[in-house]
Amino acid sequence: MKKYLVEFIGTFFLVLSICMAGSTAGDLAPIAIGATLMVMVYAGGHISGAHYNPAVSLAIYIRGKLTISDMFSFWIAQFIG
């Protein structure tokens, strides 16, 4: 359950930074988004793997490092986030 909460929080802050930086930061938006992603990966990567994107979760599943039930649980947490 902890890893799904980390995925939710990480996805929430990633999407929030994309929305906020995309509308206000101008040319510095990629730096703000990248910095947010970096912080979230360092903060939650050791707990959940820091996918924060359904496409990344799918790729990890295809690679064989994630079960189908974990993938769908990650997707639910990411879509809610």
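Scroll up to find the structure this text is about.
Along each chain, residue indices are assigned from 1 in the same order as the chain's sequence is written. Thresholds applied to this predicted model are a pLDDT of at least 70 for local features of residues and 80 or more for the giving and counting of side-chain atom pairs; totals over whole chains, interfaces and linings are not thresholded and use all residues. Hydrogens and water are ignored here; the side-chain numbers use all heavy atoms of the structure.

Take the environment of Ile-47 next. Numbering of helices and strands runs from the N terminus; a helix is a DSSP stretch of H or I covering at least four residues, while a strand is a stretch of E covering at least two. Among the structural elements, Ile-47 can be located in helix α2 (residues 29–48). Separated by 40 residues in sequence, Ile-47 and Glu-7 have C-alpha atoms that sit 9.2 Å apart. Here a residue-residue contact requires only that any non-hydrogen atoms of the pair lie within 4.5 Å. Discounting chain neighbours no more than four positions away, the residues touching Ile-47 are Lys-2, Lys-3 and Val-6.

Time to look at the side chain of His-51. Its place among the elements puts His-51 in the loop between α2 and α3 (54–63). Relative accessibility under 20% of the residue-type maximum defines a buried residue, over 50% an exposed one, and the middle range a partly exposed one, all with a 1.4 Å probe and only protein chains included. Residue His-51 is classed as buried on the basis of its relative accessible area of 11%. Within polar-contact distance, the side chain of His-51 engages the side chain of Ser-57 at 3.1 Å. Contacts of His-51, omitting those with residues within four sequence positions, involve Glu-7, Val-56, Ser-57, Ile-60, Leu-66, Phe-74 and Gln-78. Two N or O atoms form a polar contact when they lie within 3.5 Å of each other; inside protein one atom must be a possible hydrogen donor and the other a possible acceptor, and for residues adjacent in sequence the pair counts only when both atoms belong to side chains.

With that settled, the discussion passes to the packing of α3 against helix α4 (residues 68–80). The geometry of α3 relative to α4 is characterised by a closest axis approach of 9 Å and an angle of 175° between their N-to-C directions. Accordingly, the angle class assigned to the pair α3 and α4 is roughly antiparallel. Facing Pro-54, Ser-57, Leu-58 and Tyr-61 of α3, the residues of α4 in contact are Ile-68, Met-71, Phe-74, Trp-75, Gln-78 and Phe-79. For this classification, the nonpolar set comprises Ala, Val, Leu, Ile, Met, Phe, Trp, Tyr, Cys and Pro, the charged set comprises Asp, Glu, Lys and Arg, and every other residue, Gly included, is treated as polar. Class assignment of the residues belonging to the contact of α3 with α4 gives a composition of eight nonpolar, two polar and no charged. The axes are straight lines fitted to the C-alpha atoms, using for helices just the contacting stretch, and the angles between their N-to-C directions are given from 0 to 180°. When describing relative orientation, an angle under 35 degrees is termed roughly parallel and one over 145 degrees roughly antiparallel, while 65 to 115 degrees is termed roughly perpendicular and anything else oblique.

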